[in-house]
Amino acid sequence: MKSAAFQYSRPETVAEAVALLTAAEGSAMPISGGQSLLILMALRMTMIDRLVDISRLPELRELRDDRSDVFIGASTTHAMIEDGKIPDPSTGLMSRVASRIAYRAIRNLGTIGGSMALADPSADWPACLIALDAEVSIAGPDGQRWEKAEDFVSGAYETILLPGEIVLGFRIARRQSMRWGTAKVSRKSGAFADSMAVFVEAAGDGLPRAALTGTTSHARILPRVGKYAQNRSILDPGDLRAAILDDLAEIVPDADAYQLRCHVATVSRAITDARAS
Amino acid sequence: MTVTHLTINGETISQDINPRESLADFLRERRNLTGTHLGCEHGACGACTVSLDGMVVRSCVVLAVMCEGRKIETIEGTRKSEPMDVIRRHFHEKHALQCGFCTPGMLMMARDIIARYPEPSDSVIRSQLSGQICRCTGYAGIIAAIESAAREIRDAVE
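Residues numbered from 1 in each chain as written. Chains lettered and ligands numbered in written order. Predicted model: local features only at pLDDT ≥ 70, side-chain atom pairs only at ≥ 80, totals over all residues. Heavy atoms only, no water.

Draft legend 1. Focus on the overall build of chain A. A count of helices and strands for chain A gives eleven helices and 14 strands. Scaling as 2.2 N^0.38, a compact globule of 277 residues should have a C-alpha radius of gyration of about 19 Å, and chain A matches this with 19 Å. The principal-axis extent of the C-alpha atoms belonging to chain A is close to 55 × 45 × 35 Å. For chain A, contacts bridging at least 24 residues in sequence account for 61% of all contacts bridging at least 6. Accessible surface, chain A as shown: approximately 11900 Å² in total, 50% of it carbon and sulfur. Side chains of chain A give 31 positive and 34 negative charges; the mean places of these two sets differ by 6 Å. (Helix = DSSP H or I, 4+ residues; strand = E, 2+ residues; numbered from the N terminus. Rg over C-alpha atoms; globule rule 2.2 N^0.38 Å. Contact = heavy atoms within 4.5 Å. Areas by Shrake-Rupley, 256 points an atom, 1.4 Å probe, with all protein chains shown as cover. Lys, Arg positive; Asp, Glu negative; His and termini not counted. Charge placed at Lys NZ, Arg CZ, Asp CG, Glu CD.)

Here it is in structure tokens:
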């Protein structure tokens, strides 16, 4: 289980990294923690001619607390978030999500930016970041741009990143009296989720956001669930279940009975968890 | 090949490294540090766990070239580590190993668990250890060893 040969570069600036990735015309990949990418390479599931090491770029390590929002650099590791070493806009949600990703040895190197950019269909961060309505900062050959996290991941292992582009980090707004809940079902602790849900609501902040991952595609918002939960302090289990199933019919039309049960369970538990706090 | 400078068990070296070499292969094949065991070679079993700048990592999913300027500690480097002496003794006393293949990784992880959770409960140890696979012991001895080692280390500090 060893990777095929590849070239390695360690650029010192974002511009240099973008130039290297652009010049490679799709045969290069950026690497930071490498906790998914190196495994895919060892299993020869992906062939890459050049790895561009972006793990030391200062822009990607930035952590900024701007009061109304927080910027978290893409190279921030799951363990840093788990241990509360970042300014936290999520009142503990991000730390909880981080602590349930894989194992500590993986969390020490794996990064939030890598999780988002690789877009594994069962990854935890896409669901969490779309529930928090985060924005993604992207650098590329044509400069820097911001996109909504919800629009960023577009399918299983698919994002809107163009050739040469890298994720710099995430902007997450602080919300007044925010409540959150999350639930995850996996076959064993540390395994990728069969289903994972994140629910976030805040006073006077529009629809509550329920996000689901672990489908065959990408993490998605469940709009009918948000609408049903809005301004309702007591939820009817039957009505909630119907709202979840309505969303699932659209988002995961091919789900079997077991998958549907998992998704209904995680979404319901995430809401219960939020409302209990 | 990329010239890389790194510190292994306190010794700073510089060596030409092929980018595709994992840290585990580099340690075993080029530095003869064969205490780091390779089980699955894709980050699933935990046998190759080492310490990188004080953090536990899986050396099979770390590229040696990416360790430029960093400090690595392998099981060989823990011979003079006081907490590790205690942990090793408790592994022996509680029958926490049989074939010994997973043991270097288990010990590195055990020390990390005790450092982060000075008073680890049975369920904390179980969940924190869930990334380390042992096919002999059924884990009971390992969990007992970590629990009692943590107690001895805690008592020594107080």
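Draft legend 2. View of a nonpolar patch on the surface. Residue and element names in this part refer to chain A. On the surface, a cluster of nonpolar side chains totalling about 300 Å² of accessible area is made up of Met1, Leu43 and Met45. Looking at the element boundaries, Leu43 is found in the loop between helix H2 (37-42) and strand S3 (50-53). A residue is classified by how much of its surface remains accessible, and Leu43, at 31% relative accessible area, is partly exposed. (Patch = residues over 30% accessible without salt bridge, like charges linked within 9 Å, V, L, I, M, F, W, Y side chains within 5 Å. Salt bridge = Lys/Arg side-chain N within 4 Å of Asp/Glu carboxyl O. Buried < 20%, exposed > 50% of the residue type's maximum accessible area, 1.4 Å probe, protein only.)

Draft legend 3. Representation of the packing of aromatic side chains. All names here are of chain A. If you walk through the whole model with that rule in mind, you get one aromatic pair over all chains. Each ring, one from Phe71 and one from Trp146, has its centre 6.4 Å from the other, and the planes form 85 degrees; the classification is edge-to-face. On the criterion of sequence distance, the pair formed by Phe71 in strand S5 (residues 69-73) and Trp146 in strand S7 (residues 143-148) is long-range, its members being 75 residues apart. In this structure, Arg64 is placed above the aromatic ring of Phe71, and the distance from its NZ or CZ to the ring centre is 4.8 Å. Above the ring of Trp146, the side-chain terminus of Arg171 is found at 4.0 Å from the ring centroid. (Phe/Tyr/Trp six-rings, centres within 6.5 Å; stacked < 30°, edge-to-face > 60°. Lys NZ or Arg CZ within 6 Å of the ring centre and 35° of its normal.)

Draft legend 4. Summary view of the packing of helix H2 (residues 82-93) of chain B against helix H5 (residues 140-157) of chain B. Residue and element names in this part refer to chain B. The interhelical angle for the contact between H2 and H5, taken along N-to-C directions, is 140 degrees, at an axis separation of 8 Å. Compared by their axis directions, H2 and H5 come out oblique. H5 is crossed by H2, and the crossing has right-handed handedness. Taken together, the residues of H5 that come into contact with H2 (itself represented by Pro83, Val86, Ile87, Arg89, His90 and Phe91) are Ile142, Ala145, Ile146, Ser148, Ala149, Glu152 and Ile153. (Axes fitted to C-alpha atoms, helices over the stretch in contact; angles between N-to-C directions. Parallel < 35°, antiparallel > 145°, perpendicular 65-115°, else oblique. Left-handed = near helix turned anticlockwise from the far one by under 90°.)

Draft legend 5. Up close: the domain arrangement of chain B. Residue and element names in this part refer to chain B. The domain boundaries assigned to chain B delineate domain 1 (2-77) and domain 2 (81-157). The interface is formed by 16 residues belonging to domain 1 together with 13 residues belonging to domain 2. For the domain 1 and domain 2 pair, buried surface summed over both sides reaches about 1200 Å², with 59% attributable to carbon and sulfur atoms. Looking only at domain 1, the three residues that lose the most surface to domain 2 are His37, Val56 and Ile75, adding up to 39% of its buried area. Across the contact surface, domain 1 and domain 2 share one salt bridge. With a shortest N-O distance of 2.6 Å, Arg111 and Glu73 are connected by a salt bridge. Here domain 1 and domain 2 share six residue pairs in polar contact (both at pLDDT 80 or more) between them. Among the elements of the structure, strand S3 (49-52) and strand S4 (55-58) are those that each provide at least two residues to the side of domain 1 that touches domain 2. Among the elements that take part in the side of domain 1 that touches domain 2, S3 stands out by supplying three residues, more than any other. A per-class count over the side of domain 1 that touches domain 2 returns seven nonpolar, seven polar and two charged. (Domains from an automatic or database assignment. Buried area = accessible area lost by both parts, 1.4 Å probe. Polar contact = N/O pair within 3.5 Å; in protein donor to acceptor, adjacent residues only side chain to side chain. Nonpolar A, V, L, I, M, F, W, Y, C, P; charged D, E, K, R; others polar.)

Draft legend 6. Representation of helix H10 (residues 237-251) of chain A within the structure. Residues and elements named next belong to chain A. Helix length check: H10, at 15 residues, gives a terminal C-alpha distance of 21 Å against a target of 21 Å (1.5 Å per residue), a fit within 8%. Of all the positions in H10, only Leu240, Ala243, Ile244, Asp247, Leu248 and Ile251 are classed as buried. For H10, the angular spread of buried residues about the axis comes to 135 degrees, placing them on one side. Looking at the buried positions of H10, the neighbouring elements they touch are strand S13 (209-213), strand S14 (220-221), helix H9 (223-229) and helix H11 (257-276). (Expected span 1.5 Å × (residues − 1). Arc of directions from axis to C-beta.)

Draft legend 7. How the structure looks around the pairing of S4 of chain B. Residue and element names in this part refer to chain B. Both S3 and S4 contribute to a ladder of four bridges, which runs antiparallel. For Val50, the partnering residue across the bridge sits in S4 and is Val57. Joining the antiparallel neighbours S3 and S4 is a turn of two residues, in which Asp53 adopts a positive phi near 50 degrees. (Pairing = 2+ DSSP bridges.)

Draft legend 8. The interface of chain A and chain B, seen in detail. Counting residues at the interface gives 31 residues for chain A and 27 residues for chain B. For the pairing of chain A and chain B, the buried interface totals around 2400 Å² over both sides, and the portion due to carbon and sulfur atoms is 59%. Here chain A and chain B share ten residue pairs in polar contact (both at pLDDT 80 or more) between them. Counting residues per element, the ones that place at least two in the side of chain A that touches chain B are H2, S3 and helix H5 (104-107) of chain A. Counting residues per element, the side of chain A that touches chain B draws most heavily on H5 of chain A, which supplies four residues. The residue makeup of the side of chain A that touches chain B, split by class, is 15 nonpolar, eight polar and eight charged.

Draft legend 9. Quick look at H11 of chain A. All names here are of chain A. For H11, built from 20 residues, the straight-helix expectation of 28 Å at 1.5 Å per residue is met to within 8% by its first-to-last C-alpha distance of 28 Å. Along H11, the residues classified as buried are Cys262, His263, Val264, Thr266, Val267, Ala270, Ile271, Ala274 and Arg275. The opening residue of H11 is Asp256, an N-cap whose side-chain oxygen sits 3.1 Å from the backbone nitrogen of Tyr258.

Draft legend 10. How the structure looks around the environment of Ala134 of chain A. Residues and elements named next belong to chain A. Inspection of the secondary structure assignment puts Ala134 in the loop between helix H7 (124-131) and strand S6 (135-140). For Ala134, a relative accessible area of 0% translates into the label buried. C-alpha of Ala134 to C-alpha of Asp256: the two residues are 122 residues apart in sequence and 31 Å apart in space. Apart from residues lying up to four places away in sequence, Ala134 is in contact with Leu129, Lys148, Ala149, Arg171 and Ile172.

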